[in-house]
Each structure stands twice: as structure tokens, then as C-alpha cells.
Number of protein chains: 2
Amino acid sequence: MARNTPEAPVLPLDTIMSGDCVAAMDSLPENSVDLIFADPPYNLQLRGELHRPDNSMVDAVDDHWDQFESLKAYDHFTSRWMKAARRILKPDGAIWVIGSYHNIFRVGATLQDQGFWILNDVVWRKTNPMPNFRGMRLTNAHETMIWASKSEGAKYTFNYEALKALNEGTQMRSDWTFPICTGHERLKNERGEKAHPTQKPEALLHRLLIATTNPGDVILDPFFGTGTTGAVATMLGRHFIGIEREEEYRQLAAERIAKVRTLPKDALQTTTSKRAEPRVPFGQLVERGMLRPGEELQSGNGRHRAKIRADGTLTGEGVKGSIHQVGAAYEGAPSCNGWTYWHFKREGKSVSIDTLRQQIRDEMSKLN
Amino acid sequence: MARNTPEAPVLPLDTIMSGDCVAAMDSLPENSVDLIFADPPYNLQLRGELHRPDNSMVDAVDDHWDQFESLKAYDHFTSRWMKAARRILKPDGAIWVIGSYHNIFRVGATLQDQGFWILNDVVWRKTNPMPNFRGMRLTNAHETMIWASKSEGAKYTFNYEALKALNEGTQMRSDWTFPICTGHERLKNERGEKAHPTQKPEALLHRLLIATTNPGDVILDPFFGTGTTGAVATMLGRHFIGIEREEEYRQLAAERIAKVRTLPKDALQTTTSKRAEPRVPFGQLVERGMLRPGEELQSGNGRHRAKIRADGTLTGEGVKGSIHQVGAAYEGAPSCNGWTYWHFKREGKSVSIDTLRQQIRDEMSKLN
DNA sequence: CAGATCGGTGAATCTAGGG
DNA sequence: ACCCTAGATTCACCGATCT
């Protein structure tokens, strides 16, 4: 618990410090904060401009604070802030760091090198990531968070039951699904543009703080930005200490947090969202070996046949395409539900491929 | 393509090499394999197997030093096998490495340090992970795979359209959901126990090989285990080279792969990208009389017009140039795909000039 | 007013090939 | 090495406006 007593040196609770985060952390007493949440620059290495297929331009992260000269310079930066963070962390405290593949491997290795003990890596799956516009790679649809205690064997905080409750009674997994921060939650500047390029969703911090802190704990965020950590900490009855170099962000964060009211104790309810049935791509039946490339499907009416290819498309009678496209072409129809149209043979019987989809859905319904 | 000709040194295709993977890789010619898939040991306490960099003795010491030494040894091990792998990889080849939070950060950092260029990190979400029995942490429900090219700017293989097809028409994301390897797919030893502790599901390799290799490519797996990579590569018409130290695993893998049949060629064909299609100059439509000089084209949105000239350029509204240049100028856009932008009239209907290009391409494909 | 339509946008290492 | 040009390329969601 945080308490400013004569024994415990005074902490600047619920305030936003300015200046360089290393200097600011060095000014705080050692072994004094319960949790550190760090969202450091990712060291994205932009090349030129990127346009969407409709020719509109993508507003990319090109801020000066994300520019580093080399991997070595980034490692040096990481080492410095992490060492300062480690000093002020209580022995039983913990740290979270979020990043993408550009920086997270350097971050994770540095954590281990400094004696932190990794407890989990958590994947934030974005429901609505930005697509890969040029079709050159996979859609970058997740970010990685590392959760680590100060050292091996330390008694970290983990509210197992609370998380289990958040997850409707089954253990919380290491993959968390949330939308990116958009809409009214996204802070705007006076010009109506996004105020900060990388504002994190409050839902992410909500789960993280419920999981690994208790009411009254002190959470330090050395890259405070527009203060999501402070807003959620305040709402959940925790204390925060923010550090942010940019005056504009400090100002916005302070205004934002001033509006937040701490929830009454009994109000921390789970937001359970019922979801539609998950979409199952036909290709998954092939990947999983439920159907084999080269195998033949028959239409339910028995009139048509098509062969499965390795990428989950069908081919036959001069047509290629998805199960829906080929079904529609065969029937001369504008559209066709391939899931009910196509059948396969098992033990002499004709079975709808939809039964295989149902098997996968049954598995998936156990996930988030 | 893999071929053993006098020019290309002989590769031990579709075989399992024995011994230490570094020694085995060092015996292969440089720049010779298309893809490396590596599933290295995760365990950081590998003292017996690892060569200590300084040959110092490991005895009872404090935890921190012990952890540091073991990280150092693991890094050394990683560095060695990765360097050997890098030498035999073709300049336009790529590597995949799979791991968990115990080792993946060290692996990723080493990849970057050695000059590999990360293309994506991919999360394998397990539908049925082992629960965390003690309730002390989150259920560890995923593993991380890193996909990297040999160097920045290298021309890696990525079958974008095939993956999009596998995902039923939308871009494949960086999170892949599959069950862990169980049931009949899981190899058993004579005692009925699981033969290998970390056998990977074939579905994972199926997607990975469809995504980043072509039929005939050579895939090397330095930690072959029970040969999932070899089994799936064989099924998909790719070549493999396995390296495995344990006699028992080699034996099981060989038996397993011997039972696999390569899929027929037509099942292996996957959806291709337009980028791979032969280039057709617009002027050819004019030369062939499909469009006539002097004829007018309209933009798809109906707002603009241009006249065709005999050399296959367009003119109108004070602009001259290629179909792309004039479209871009009209729209005030940085670029424009003239093939989809421009339309002509036939029998009262507006038809995209791209349909004419397709006619020529269809003719050309018959010449092969 | 409900529903349809349209425009905007998000941590991105985002082209290929010929001269 | 650079320069230029052809031409390929997007998903989920939010909010404002229109019907």
C-alpha cells in the first residue's frame, strides 16, 4: 500500500512529472513503487510515405521521439530507462512493457539481462488493426506485452480469481482481444486530429491493473503520453506517477484525468460482450487435415463436383475460387452458401462440410 | 528451385542428417536453401549440452549469477546455430523460428544482431493449451514465431493471395489459431508415451509453407525432432533437409515421412497474384484493334474523359501521357492504376479496359 | 426516426523492374 | 548507385449525413 509516512519518503502521487524519464526516476526513492507500466518508443523504421489503395495517405508515426540511430542506440536507451525503473521498484513489484516486433525482442532480452524474471508474455490481439495495404506481409494484428517480476522467486501480485471472473469462470489466457483506441475515447487536439499517435485503449490497462495490482497501489508510467495509465488507475482506486517529456501531452493527460471519478468498490463489474459466431475460413479445414488437398467435394444435389486445392480454394469445370464462388458459378446463381452446398464422402455417406465448421466453432467457443 | 546439377553442389535432399546441427550445416554449401524452419530447445538450463563460452565451471552460486551464466550460454548456442543457418540460406531465402517467452526474446534479438530483417512476428494461439495448474499466472496459451529475411531489402517469398484464400478472402493476420498436436497425429513411442515433448501440429507448418515457399523449394530444419517439417514439406511437394541428433527421433521421423504421399500437382496450385502475370502494355490493345485511336475512354466514376492516341497514350483536359499518368493527373492523386480507372463503351455499357488485358493474358497463357 | 450510405482512419520496418 | 514508370493494393469500426 502507498502511504506517505515519515518512514516512507514522499512520492509525488497522482501527478505528472516532466523532463527525461531517467532523471525523473532517479529523483525518486528506491524500492517504492508497486508496478511499472512502460510503453516505450517502438523504434519503427519508416521508409517513405504510405498510401492506401484509395490513394489517401496514412498518418504514420514519424515523431522525433521514435527515432533512433541504430539498434545499439536503442539498446542503450532501453538499458538506461529500465535500470532506473528497476531501482525504484519494490522487491515484490512487477513491470509490464508493451511493444511490437521492432523493439520487443530487445526489450525482453534486456529485461532478462537485468535480472527481471518473466512471468508471462501477453498478446494483445487487435480486432481492428490497420491492414497491410501493399499485400506484402501478414496484417500486423497484435502487440506483445511482457510481464516480469523484479527477480526470480519474488512474491508478485496476481489476482487470479478476479481474472478468472473477468473471463467468465475459466482461467485467463495469455492472449487478450481488444479493439484499438478509436471513437470518443481517442483524445483529439484543438485541430481535431488525434492528439497522440499511439494512445492505448483503456480496456487493456483495466485488465492489466485488475490482474497485477491492488487498490491503493502505486503505478509508475515513465512514458505517460496522454495518460491512459493514470486515467484507469484513478478509476480503479490506484495511485499513479506519470513521467512525460512533452508539455502538450502532460496538459492533455492532466485534463483527462481530472474528469475521471474513482469507481465505488462494488462497481468493478465485468463487461461481458456476447459475440457472434466466429467466422471460420474454409482453408482451416484443409490446414487441419479435416479435408485434404486433391479431395473431391460434391454438391448436395449430386450434380456437381470440385477439387480442393492446398490454399482452400476449389477448382473444377473450368472455374476456380472460394467454396462460395464455385458453387455460385455451377448453379449460375449470383451467390451461394458454400458451407451448405458442398459435401464430402465419409464411410460411404455424404456429409456437409458445415459439420466440420461446427467442430472448429465448438473448440473456439472456449476461447475469448 | 532445388536441382542437383554440376553447377549447384549436391544437397542431401529429403534426408535426415545426424549429429550436431552446426557441424551438419557447416557441411552444406553456402546460399543453397530456400527456407529454414527452426524450433530450437527452449530450456535455458542446458548446461550439459551447451558449450560454455569461457569454459568456466558452474557450481553453486547465487541465483542471479547463475541466471546470467545460463542466459549467456543460451545466447552463445543461439548465435552459433543461427550463424551456420545464415550461411547456407540463399540471399532471398527466409527463416522462421518458433519459441516461447523463455527464449524468443533472445532469439529475436540475435536474429536482428546477425542482420536478419524481421518481416512479421506471428502468434500461434492454442485452442487447447495446458492450463496453469497452480493459478499463479496466466494460462500460457500461445507461442511466438518470427519470420525474417536474410537481410533488409531481400526479395522474400510471400504468397499473399494464397493466404488470403486460406482466410476466405481477407488478409491473413499475424495471429494464427490451431489446436496443439494431439490424437492420432501425435507420435507415440513403443511404450505408448508421446514420442517427443514438443511435436508441432502439421496445420501450423502447412500454413507456413504455403505462405513462404513454392513447390520444389528446399526447407532445412536444424532441430528436426519427429519430422513435422519433413512430413508437411513432402505432402506439399517441397524438399526438406532435416538435422536431428537423437537416433530415436530420426528413426520415427523417417518412418513417418515414408508414409506421406505428395499431393497431385493440381491440388498444389494456389491462387496467384496479379503481380506474377505477364505485363501487357496498353499500346497492345490499340495495335490489336481492340481499341481504336481517337476513341474516347471514361473514368469509372464518369467524371472524366480522354482520347486514345495511336501510340497508346491518352490526351484530354490539357494532359498527355500514359493511362496511369492521365488518370493520376485527373484525380490529383500521386498514382493511379489506369487499367481499372478507364472504361470504354460497348453496346451501351461501360466496360473496364482491364477486361481487354485479361483477354490478351488468356491467349498468352495458352501458348505455354 | 430508423436504416442505409459514405467518408475517415489506425504503432507500418508496405513494390518491382528497367535504364 | 539513382531515377523513373508501371501498376498493384485495404479491414473493421465509428460517426456524420442522407433517405
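In this text, all values refer to a predicted model and were calculated from it rather than measured experimentally.

What counts and how
- Residues numbered from 1 in each chain as written.
- Chains lettered and ligands numbered in written order.
- Predicted model: local features only at pLDDT ≥ 70, side-chain atom pairs only at ≥ 80, totals over all residues.
- Heavy atoms only, no water.
- Near = heavy atom within 4 Å.
- Polar contact = N/O pair within 3.5 Å; in protein donor to acceptor, adjacent residues only side chain to side chain.
- Helix = DSSP H or I, 4+ residues; strand = E, 2+ residues; numbered from the N terminus.
- Nonpolar A, V, L, I, M, F, W, Y, C, P; charged D, E, K, R; others polar.
- Core = buried A, V, L, I, M, F, W, Y, C linked by side-chain atoms within 4.5 Å.
- Buried < 20%, exposed > 50% of the residue type's maximum accessible area, 1.4 Å probe, protein only.
- Contact = heavy atoms within 4.5 Å.
- Salt bridge = Lys/Arg side-chain N within 4 Å of Asp/Glu carboxyl O.
- Buried area = accessible area lost by both parts, 1.4 Å probe.
- Pairing = 2+ DSSP bridges.
- Axes fitted to C-alpha atoms, helices over the stretch in contact; angles between N-to-C directions.
- Domains from an automatic or database assignment.

(A) Focus on the protein's contact with DNA strand D. With respect to spatial proximity, 29 residues lie near DNA strand D, and among them H184 of chain A together with Y160, K164, H324 and R357 of chain B are the closest. Protein-adjacent atoms of DNA strand D, using a 4 Å cutoff, are sugar or phosphate at a proportion of 61%. Between DNA strand D and R134 of chain A, the relevant distance is 3.3 Å, taken from a base nitrogen to a side-chain nitrogen or oxygen of the residue. One of the side-chain nitrogen or oxygen atoms of S322 of chain B is found 3.3 Å away from a phosphate oxygen of DNA strand D. Residue assignment for the surface near DNA strand D shows that the elements contributing at least two residues are α4 (160-166) and α10 (323-331) of chain B.

(B) Summary view of the protein's contact with DNA strand C. All names here are of chain A. Around DNA strand C, a shell composed of 35 residues is seen, among which R52, Y101, M130, R134 and R186 lie nearest. Expressed as a percentage, the sugar and phosphate content of the atoms of DNA strand C within 4 Å of the protein is 50%. Taken together, the residues of the surface near DNA strand C break down into 17 nonpolar, seven polar and 11 charged.

(C) Region of the structure containing the nonpolar core. Of all hydrophobic cores here, the largest spans 69 residues; its most connected members are M25, W81 and L220 of chain A together with M25, W81 and L220 of chain B. Examining the composition of this core, we find that seven residues originate from one element, helix α2 (residues 63-88) of chain B, more than from any other. Those residues in contact with M25 of chain A that lie beyond four places of it in its chain are W81, A84, A85, R87, I88, L220, P222 and I243 of chain A. Counting residues in hydrophobic clusters, the runner-up holds 42 residues, among them A203, A253, I257 and A267 of chain B.

(D) Structural context of the pattern of salt bridges. Residue and element names in this part refer to chain A. Counted by the stated rule, this structure contains 34 salt bridges over all chains. For the salt bridge of R256 with E202, the shortest nitrogen-to-oxygen distance reads 2.9 Å. Placement of R256 in helix α7 (residues 247-258) and of E202 in helix α5 (residues 202-212) is noted, with a sequence separation of 54 residues between them. Here R256 falls in the buried class, since its relative accessible area comes to 9%. Relative accessible area serves as the criterion here: at 24%, E202 is assigned to the partly exposed category.

(E) Here's a closer look at the interface of chain A and chain B. Counting residues at the interface gives 77 residues for chain A and 75 residues for chain B. Carbon and sulfur atoms make up 49% of the area that chain A and chain B hide from each other, which totals about 6,700 Å². Contact with chain B buries area across many residues of chain A, yet F105, L138 and E287 of chain A alone supply 13% of it, more than any other trio. At the junction of chain A with chain B, the criterion picks out seven salt bridges. Linking chain A with chain B are 46 residue pairs in polar contact (both at pLDDT 80 or more). Elements with a contribution of two residues or more to the side of chain A that touches chain B: α3 (104-113), β4 (117-126), β5 (142-149), α4 (160-166), β6 (175-178), α8 (283-287), β10 (305-308) and α9 (323-331) of chain A. Examining the composition of the side of chain A that touches chain B, we find that nine residues originate from one element, β4 of chain A, more than from any other. Looking at the side of chain A that touches chain B residue by residue, the classes come out as 34 nonpolar, 25 polar and 18 charged.

(F) Just the side chain of T313 of chain A, in detail. With respect to the helices and strands, T313 of chain A occurs in the loop between β10 and β11 (314-316). Among the polar contacts made by the side chain of T313 of chain A, one reaches the side chain of D311 of chain A at a distance of 2.7 Å. Leave out the neighbours within four places in its chain, and T313 of chain A touches K307, I308 and G321 of chain A together with A165 and T271 of chain B.

(G) Structural context of the sheet that holds strand β10 (residues 305-308) of chain B. All names here are of chain B. Spatially, β12-β11-β10-β9-β13-β14 is the arrangement adopted by the six strands of the open sheet, whose pairing is antiparallel. The sheet is open, and its two edges are formed by β12 (319-321) and β14 (349-352), each paired on a single side. Strand-to-strand twist across the sheet, computed as the mean angle between neighbouring axes with direction ignored, equals 35°. Note: strand β11 (residues 314-316) against β12, three bridges, orientation antiparallel. Each residue of the ladder has a partner; that of G316, found in β12, is V319. Contacts from α10 reach β10, β11, β12 and β13 (342-346) within the one sheet, and its direction differs from that of β12 by about 150°.

(H) Inspection of the domain arrangement of chain A at higher detail. Under the domain assignment used here, chain A contains domain 1 (15-45 + 58-268) and domain 2 (282-367). Each of domain 1 of chain A and domain 2 of chain A has a C-alpha centre, and these two points are 44 Å apart.

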